[in-house]
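So you can see what is in the structure, the chains are spelled out below.
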Amino acid sequence: MSTAISKVYSWSMQAGLQAMVMMDRLWGNLIIDPSLKASPHPLIARLRLKGNILRSYMINGWAVISHEDVKALLRDKRLSSEVFESALIQRVIRSAAQGLVTPIIDYPNIVNLDPPDHTRLRKLAAQSFTSRFIQSLTPKINALVSALLDEAAGNEEVEVMDVLARPLPAIVIAEMLGVPAEERHYFEQWSAALIKYAEILSADAIHEAVLGDLAMRIYLQELVDLKRTHPGQDLISALIEAEEDGDKLDIEELLSLCTVLLVAGHETTTRLISSCLWLLLQHPEQLAEVRSDRSLLKNAIEEALRLEPPVLALSRLVPETFDYKGHTFKKGHLVLLSIAGANRDPNVTPNPDAFSIHREAFEHLSFGHGIHLCLGMPLARLEAEAALNQLLDRYPKLTLPEQDLVWSDSPFFRGLEQLTVIAGSE
Ligand code: HEM
């Protein structure tokens, strides 16, 4: 190649690459740019102008942001939840694990399995998550909220995350599983480590996730052994016993399921409680309505789930090439389904960026959709209602002081790190 041609070639390669990188940065930032944690929503709105289904070279796949497409693809049997089968993801995780066992790949959990394995596991797990059982926890959860709020009684400023939003879901799930009270604090660290699997571009973060995963498994293995010999009235004992058509969970399935439950217990409802309170306090007229008609609290919680979904996006893998609306989803591609994008789709709900407790019925996708629909949904709603109801009861003059809000770093989990409120006189 002559020098001139090679210069032009190299320039056009660079220009092409630059265009690709810009495109990717636009939505790839959703995954990696910490400056976006203040809010990913303006970026998603800009991306929406480019289309509903966007190609990304960074994740070797696609980002989907419209309600119609996210919902359809969550039901589409041509997509797989077994994302850790992706050669790219396996390479990244195995190399960051530096020779350690990688449970997330070697013992996939319920969220990352397809039928028939998923169907089997879901049937067994669902036995312990019936609405009746969850409803029966109401008095216990109310008492727990009350005890947690008692600890802050008399304080003029209340740090809602520390006092209530973090401990409540963590204690509830630990108690449900039968984790002794004095050992619960371990799970906070392990769970925070585990969600770092999502930081796929940082070897350090993935290494931390693997270590957290292994530590949690080692602990849980001992707990399961104990429950086998000394069963109690707890979820682990129930899951050990759970049987469907003569089939039971094996030890690895049991450990993977408990891990998911513990992480879900720590990382999701916490964020819902604080986001909902923050949104209400920013809209005093709607807060006043909720105060005078408590049946509106359910609407406020659903609206908070819609506007600030604790899980921002779900990923899926393409096992075999297929066409979707003129786009070729190739074998091995990853597909990122943006719950945040779907929930604010202006084609489905008017004025989507506004908080409105009177919004016409709208199907947000914050708990997912299809066969993986969140198993803990009734529990999350129950905890959020109990927490917010009692906060409003105890503090009739609650206000939001000036503060620098810090949102969590995680690219897939959205929520506040801290939220200080002024209690006013009780
Ligand atoms: C506001 C709180 C919560 C939110 C926003 C949330 C969100 C989600 C979402 C989006 C999924 C679907 C995952 C996928 O399709 O790949 C899911 C699944 C799941 N969630 Fe939740 N979750 C919450 C609370 C909980 C709680 C408290 C538990 C239990 C302690 C829980 C247990 C599960 C389980 C076991 C699955 C897997 C279901 C399956 O794969 O069949 N979640 N959750």
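Look above for the structure.
Since the structure is predicted, the reported quantities are computational estimates derived from the model, not experimental observations.

Caption draft 1: Main features of the environment of Gly154. Relative to the assigned elements, Gly154 resides in the loop between α8 (138-150) and β3 (157-159). We classify Gly154 as exposed; its relative accessible area is 68%. In this structure, the C-alpha to C-alpha distance between Gly154 and Ala423, residues 269 residues apart in sequence, is 8.7 Å.

Caption draft 2: Representation of the coordination of the iron atom of the ligand in the model. Coordination of the iron atom of the ligand by the protein involves just one donor, Cys374 (SG), at a distance of 2.3 Å. Mapped onto the fold, Cys374 is located in the loop between α18 (339-343) and α19 (377-394).

Caption draft 3: Inspection of the packing of α8 against α19 at higher detail. Direction vectors running N to C along α8 and α19 enclose 45°, while the axes themselves pass 10 Å from each other. Relative to α19, α8 is oriented oblique. Read as a crossing pair, α8 and α19 show a hand that is right-handed. Contacts between α8 and α19 pair Thr138, Ile141, Asn142, Val145, Ser146, Leu149 and Asp150 from the former with Leu379, Leu382, Glu383, Ala386, Ala387, Gln390, Leu391 and Arg394 from the latter. Looking at the contact of α8 with α19 residue by residue, the classes come out as eight nonpolar, four polar and three charged.

Caption draft 4: A look at the pairing of strand β2 (residues 61-64). Examined bridge by bridge, strand β1 (residues 53-56) and β2 share four bridges and lie antiparallel to one another. Bridging from a neighbouring strand, Ile53 pairs with Val64 of β2. Between β1 and β2, which pair antiparallel and follow one another directly, the connecting turn spans four residues, one of which, Asn60, has a positive phi of 50°. The pairing of β2 with strand β7 (residues 334-338) spans four bridges and is parallel. The partner of Val64 across the bridge, within β7, is Leu337.

Caption draft 5: Quick look at the site of the ligand. Around the ligand there are 24 residues in total, and His118, Arg122, Arg316, His372 and Cys374 lie nearest to it. In this structure, an oxygen atom belonging to the ligand sits 2.7 Å away from a side-chain N or O atom of Arg122. A distance of 2.6 Å separates an oxygen atom of the ligand from a polar atom in the side chain of His372. For the shell around the ligand, the secondary structure elements donating two or more residues are α6 (117-126), α14 (251-267), α15 (269-282) and β4 (313-317). The element contributing the most residues to the shell around the ligand is α14, with three residues. When its residues are assigned to classes, the shell around the ligand shows 15 nonpolar, seven polar and two charged.

Caption draft 6: View of the side chain of Asp69. Following the sequence through the fold, Asp69 ends up in helix α3 (residues 67-75). Among the polar contacts made by the side chain of Asp69, one reaches the side chain of Tyr324 at a distance of 2.6 Å. Engagement of the side chain of Asp69 in a polar contact is seen with the side chain of Lys325, the distance being 2.7 Å. Discounting chain neighbours no more than four positions away, the residues touching Asp69 are Asn52, Ile53, Val64, Tyr324 and Lys325.

What counts, and at which threshold
Counting starts from 1 at the beginning of each chain's written sequence and moves along it residue by residue. Only residues with pLDDT of 70 or above have their local features reported here, since the model is predicted, and side-chain atom pairs are shown and tallied only from 80 upward, although totals for entire chains, interfaces and linings are computed over all residues. For side-chain calculations, the full set of non-hydrogen atoms in the structure is used, while hydrogens and water are omitted. Strands are runs of DSSP state E lasting at least 2 residues, helices are runs of H or I lasting at least 4, and numbering of each runs from the N terminus. Summary of the burial criterion: residues with accessible area below 20% of their type's maximum are buried, those above 50% are exposed, and those between are partly exposed, where the area comes from a 1.4 Å probe applied to protein chains only. Counted as donors are the N, O and S atoms within 2.8 Å of the metal, or 3.2 Å for Na, K and Ca, while water is not among the atoms, so some sites may look incomplete. For helices, the axis comes from a line fit to the C-alpha atoms of the stretch in contact; other axes are also lines fit to C-alpha atoms, and the angle between any two N-to-C directions lies between 0 and 180 degrees. Put simply, angles under 35 degrees are roughly parallel, angles over 145 are roughly antiparallel, angles from 65 to 115 are roughly perpendicular, and the rest are oblique. Here a crossing is called left-handed whenever its near helix is offset anticlockwise from the far helix by less than a right angle, and right-handed whenever the offset is clockwise. Any two residues whose heavy atoms approach within 4.5 Å are treated as being in contact. Amino acid classes used here: Ala, Val, Leu, Ile, Met, Phe, Trp, Tyr, Cys and Pro are nonpolar; Asp, Glu, Lys and Arg are charged; the rest, including Gly, are polar. Here the rule is simple: two strands pair whenever DSSP picks up at least two bridges between them. By convention in these notes, a residue is near a molecule or strand provided one of its non-hydrogen atoms lies within 4 Å of it. Under the rule applied, a polar contact is a pair of N or O atoms within 3.5 Å (in protein, one hydrogen donor and one hydrogen acceptor; residues adjacent in sequence only if both atoms are side-chain atoms).

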